[in-house]
Every structure is written in C-alpha cells, then in structure tokens.
Amino acid sequence: MIASLVLLAWLSYAAINSTGWFRPKPNIIIILTDDLDLTLMPYLENTNRLIGEAGATFTNYFVTTPLCCPSRASMLRGQYAHNTNILENSPGFVNFYRNTREAETIAVWLNKGGYETSLTGKYLNGYPVNAGKKYVPPGWTDWHVFMYEGYERTFYYGYKMNENGEVVQYSDAPEDYSTDVIKRQALNFMNQSMDENSPFFILVSVIAPHGPSTPANRHTEIYNDLISPKKPSFNEQDLSDKPSTTYALANSGDEFDEGDANLLFTRRVQTMQAVDELVAEVILLLEQQGQLDNTYIFFTSDNGLHMGEHRLPSIKGLPYEEDIHVPLLVRGPGIQPGLQITSMTANIDLAPTIADITQVASADFIDGRSFLPFLHPQAEQVLKWRKSLLIESGYMDNESETIVFRGIRTETFVYVEYENGELEYYDLVNDPFELNNIANELDPTTLASLHKWLEELKTCKAEACRTAEMNMPDDLKNFP
C-alpha cells in the first residue's frame, strides 16, 4: 500500500518524455524587467552568457501594448489587451480585479497542475487598490509584491510589500535595495521548493531599469560616462509626417539632448547590473541543486522606452519599434545553445507556451500561441506561423489617459490608425528607423485592405485572433 502511494505521488509529479522515461515536471522562471530596451542588452554579461548563449534569443519579440500594466496582464492571461480590458496603466489593477481576470491566469493553471507559484516584485499598476492591503490573488502560493502608495520611484528604496498577507515596510538602507530584496526572496522560494521536491513557477519582477533608474550603491562607479547609442531617428528634426500626438509629445518641454540621453543611458545600464547579478545567482542555485537541466528560464521586459528617437523624451506607450520591440532570451531542456528565433513572437505567447511546456490545462480564451516548437532545432522551417501582430493602446470612445491607437505589425511594415483619424505606415525593410510616414502615399485600395485587416484584428478573440494574424490580404503579400 505504501509503495503504491509513493508511486502515485511520483507519477503526479512526473511527466513522460519522448523516450518513455518519467521525468520531473520542469520548473519555470520568468525574470521580468521594467522598461528594458534592446540597447541595454550588450551590458548584461551574465544574462547574455548564461541564458542567451546557453539557449535561444528571440530577435523579433514584441509587446502588443507597450505600457506596463496592459503588457503584464496580457502576459499572465495570453490575451490581447482588448480582451483583458487592460488598455492603460490606470485603472490597471482595479479593472483586472473587479472583472475577475485573476481567476484564470498562468499562475492559477500551474497551481492547479501541482506547481508551487511565486511572484516577487512588481505586479500590476495600482495594486492593491480596492482589494485590501492583505489581498493575495488566486493561484499564488508565495507572494512578495510592491504596494502602490504613490509613484513607482519609491520601488527602489523605502517601499512597502505585501508579503503573504503581511505589509512590510522597507527602508533606504543599502540592504533594502529592491532588486537585492527580490533576489533574496526568489532564492528562498526556489530553495524551499527544491528541498520539498515540488515543481515551481516564479515570476521575478524587478522594477529596474524603470525611471528614476536608481542603481545599487555598489554600481554607481562603474560604466560611468557611457555614450548612448543614437539611431538616425535621434532628435529627428522634421516631424511634419508624424501624427499630432507624436509632434505634441516631442515639443512638450525641453529638448531631450545628447547629454540627457548619455546620462540616462549610463544610469539605466548601472541599474541593470544588480539584475545581471540576480540572473547569475539564480542559475548558480539551480546548478548546485541539480535542477538547471530541468528548468526553463525566460528573460524579458514588459515594454521598451524612447531615448530621444523622433525627438521624444524617455517615454513609452507608442507604436514605434523602441517601445514594442523588446528582448526575450530563453534557456531550458532541449534548447540548442545559441539558437536564434527570428519569427514574430509576443507577450501573448508566454502563457500558452508555459502551459505547453508543463502540460497543464489552460483556457479557451487564449489569443496567443505556443512557441515551444521553435525551441527545437529545425522547427522554424516547418512551422506555420503568424503573419502579423495587433498593437493597441487606450480605451476607444472614452476619455483616455493615453494615446489611443490600433495597428498591424508585420515582418516588413507597420500600419497604425489613431482615434483622431490620423494614419502611419512605415516600410520597415527600407526605413527601419521609421523616419518616413508614407501613409498618405498609399493608394486607396491598399489603405482599404489595411483598414479591413485591422478591423478584423482589433476585435478578435481566441482562435479568431490566430486566424486573423494569418489573413494577410492577397494584395498586401508582396507589398513593402
């Protein structure tokens, strides 16, 4: 009888791999940064070596709504923002909570599938407004999360956390630097889960390098006086082709000049060094515990950031490449080191991919798709994949707190419609820096095809989204 119970327990913990042998359920780690753009990646030595070079680098990974809260909600549920109903940072968490979106997330699915689950760091903007200070959402067995009591600048030092239902105040002392606190919490959870032989999922959600980009004291003297990489679009002088919203933002205050860009870039690089140390310590612990070969590690960001491109200051939330195109590195069992994935993937794909990896039941409402087949050699050559992604932001027909747009991003162009009727179209093959908006040069038939396709995408749900992403009109297939 005892032997039978032991065997049953093992079977519930293990999955059968392709060779027929039983294998423990894989652990899942997401290391999620805040406002990390691609220009900072060369300065993350540990991250590049231990995740990117040891696994896969996704060169065309996007967030479908380039703002913190909408992107995170989409990641947790595998849905476009028009289906999560989180299209802006505010009301953010309040909407997610009152619309009971937390009842079905990747944490809930994994917890039901036998996983210990942890979130440490940043959750959704506005948490825990209306839910109570001790509120812990469904699905999470371990919870150490920043509490909003003002602007995020308090999240490096002097912040509060809900720690499994207890409010904990942190100080301005060096040991309370938030990235280091998050690292300690993550390592403790991982150690405990591995000691108990429990498969685990952890979302390690740092505030870095979000403004004001405060580095740990030990990193303030390194990488000093860096020169920010400047694209041809940096401080673009002729914005006459840009929509009025872009023009207004570019002229809303003092010019974001080269000195500003260099100083902010330096501080952002310095702020990310503690995250780079976190990555190294997470992987070292897995190696010491014999779990590295049974763990998938995802490293990414919720959105990117402008640093003077199109004369825009350090802002996000726009449909340009700087905001929507972000890093994704993945290391895990069976992934060929140095693998490059060039197909278009997105934050809406993370939840279905993790559900696919762990073989847990998810939900029929998912809009994204699993990119697990890409993580095996030669799969990319045979896999039927999307032709486009919807990019969207802001509540339509309401008083919006952000710029309202809907657009289509393909591998060769981006087309955007703004709520005020303005249009943008960029040929990304010949104009990768989005200098020349040629929407007014397109013929009416082409514009009609683009508009019809966008209408299909912006209201899609679940399988209809995956179909719409493939439904490029015939007259656009050879169009730049």
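Everything quoted here is computed from the prediction, not taken from an experiment.

> Residues and numbers for the pattern of salt bridges, please.
The tally for this structure, following the rule as stated, stands at 19 salt bridges. For R218, the salt bridge is made with D180, and the minimal N-O distance between the two is 2.8 Å. Here R218, found in the loop between strand 10 (200-205) and helix 8 (244-250), pairs with D180, found in helix 7 (residues 178-195); they are 38 residues apart in sequence, far enough to count as distant. Of the charged contacts in the structure, one is a salt bridge between K458 and E455, with a shortest N-O distance of 2.7 Å. Linking K458 with E455, this pair stays in helix 12 (residues 444-458), spanning 3 residues, or about one helical turn. For E455, a relative accessible area of 30% gives the class partly exposed. Connected via shared salt-bridge partners are D34, R72, K122 and D302.

> Outline the sheet that holds strand 18 (residues 423-427), supporting the account with residue identities and numerical values.
Taking strand neighbours across the sheet as the criterion, the 4 strands line up as 15-16-17-18 in an open arrangement whose pairing is antiparallel. Looking at strand neighbours, the two that pair on one side only are strand 15 (388-393) and strand 18, the edges of this open sheet. Sheet twist, expressed as the mean angle between neighbouring strand axes with direction ignored, is 10 degrees. Pairing of strand 17 (residues 413-418) with strand 18 involves 5 bridges; the strand directions are antiparallel. Counted as the bridge partner of F413 is D427 from strand 18.

> Residues and numbers for the packing of aromatic side chains, please.
Per the stated rule, a full pass over the model turns up 25 aromatic pairs. With a centroid separation of 5.3 Å and an interplanar angle of 85 degrees, the aromatic rings of F93 and Y127 are classed as edge-to-face. Taken together, the positions of F93 in helix 5 (residues 93-98) and Y127 in the loop between strand 6 (116-121) and strand 7 (142-146) put the pair 34 residues apart, joining distant regions of the chain. The class of F93 is buried, set by a relative accessible area of 0%. In this structure Y127 comes out as buried when scored by relative accessible area, which is 0%. Just above the ring of F365 sits the side chain of R77; from NZ or CZ to the centre is 4.1 Å. Sitting over the face of the ring of W385, R369 holds its NZ or CZ atom 5.4 Å from the ring centroid.

> Give me the pairing of strand 11 (residues 295-301): which residues, what numbers.
Judged by how many residues are buried, strand 11 sits mostly within the fold: 7 of 7 residues are covered. With burial as the criterion, each face of strand 11 is covered, one bearing T295, I297, F299 and S301 and the other bearing Y296, F298 and T300. In this structure, strand 11 lies alongside strand 12 (residues 328-331), joined through 4 bridges in antiparallel fashion. For T300, the partnering residue across the bridge sits in strand 12 and is L328.

> Got a sec to walk through the nonpolar core? Specific residues and values, please.
As a rule of thumb, nonpolar side chains are buried together in soluble globular proteins. In terms of nonpolar packing, the biggest core is built from 54 residues, with I29, M190, L286 and F299 touching the most fellow members. The set of elements that each furnish at least two residues to this core consists of strand 3 (27-33), helix 2 (45-52), helix 7, strand 10, helix 9 (258-288) and strand 11. Among the elements that take part in this core, helix 9 stands out by supplying 13 residues, more than any other. Counting 53 residues, the second-largest nonpolar core is a separate cluster that includes C69, W140, V145 and L339.

> Account for the sheet that holds strand 9 (residues 166-169), with residues named and values stated.
One key point about sheets: their strands pair by backbone hydrogen bonds, in either a parallel or an antiparallel sense. Within the open sheet, the 10 strands sit side by side as 9-8-7-6-10-3-11-12-4-13. Their pairing is mixed. The open sheet has two edge strands with one neighbour each: strand 9 and strand 13 (339-341). Here the average twist between neighbouring strands, direction ignored, is 15 degrees. Of the strand pairs in this sheet, strand 3 and strand 10 are connected by 5 bridges, and their pairing is parallel. Bridge pairing in strand 10 places L32 opposite S205. Along the sheet, helix 11 (residues 350-358) contacts strand 3 and strand 11; its crossing angle with strand 11, the most-contacted strand, is approximately 175 degrees.

Analysis parameters
Residues numbered from 1 in each chain as written. Predicted model: local features only at pLDDT ≥ 70, side-chain atom pairs only at ≥ 80, totals over all residues. Heavy atoms only, no water. Salt bridge = Lys/Arg side-chain N within 4 Å of Asp/Glu carboxyl O. Helix = DSSP H or I, 4+ residues; strand = E, 2+ residues; numbered from the N terminus. Buried < 20%, exposed > 50% of the residue type's maximum accessible area, 1.4 Å probe, protein only. Pairing = 2+ DSSP bridges. Axes fitted to C-alpha atoms, helices over the stretch in contact; angles between N-to-C directions. Phe/Tyr/Trp six-rings, centres within 6.5 Å; stacked < 30°, edge-to-face > 60°. Lys NZ or Arg CZ within 6 Å of the ring centre and 35° of its normal. Core = buried A, V, L, I, M, F, W, Y, C linked by side-chain atoms within 4.5 Å. Contact = heavy atoms within 4.5 Å.

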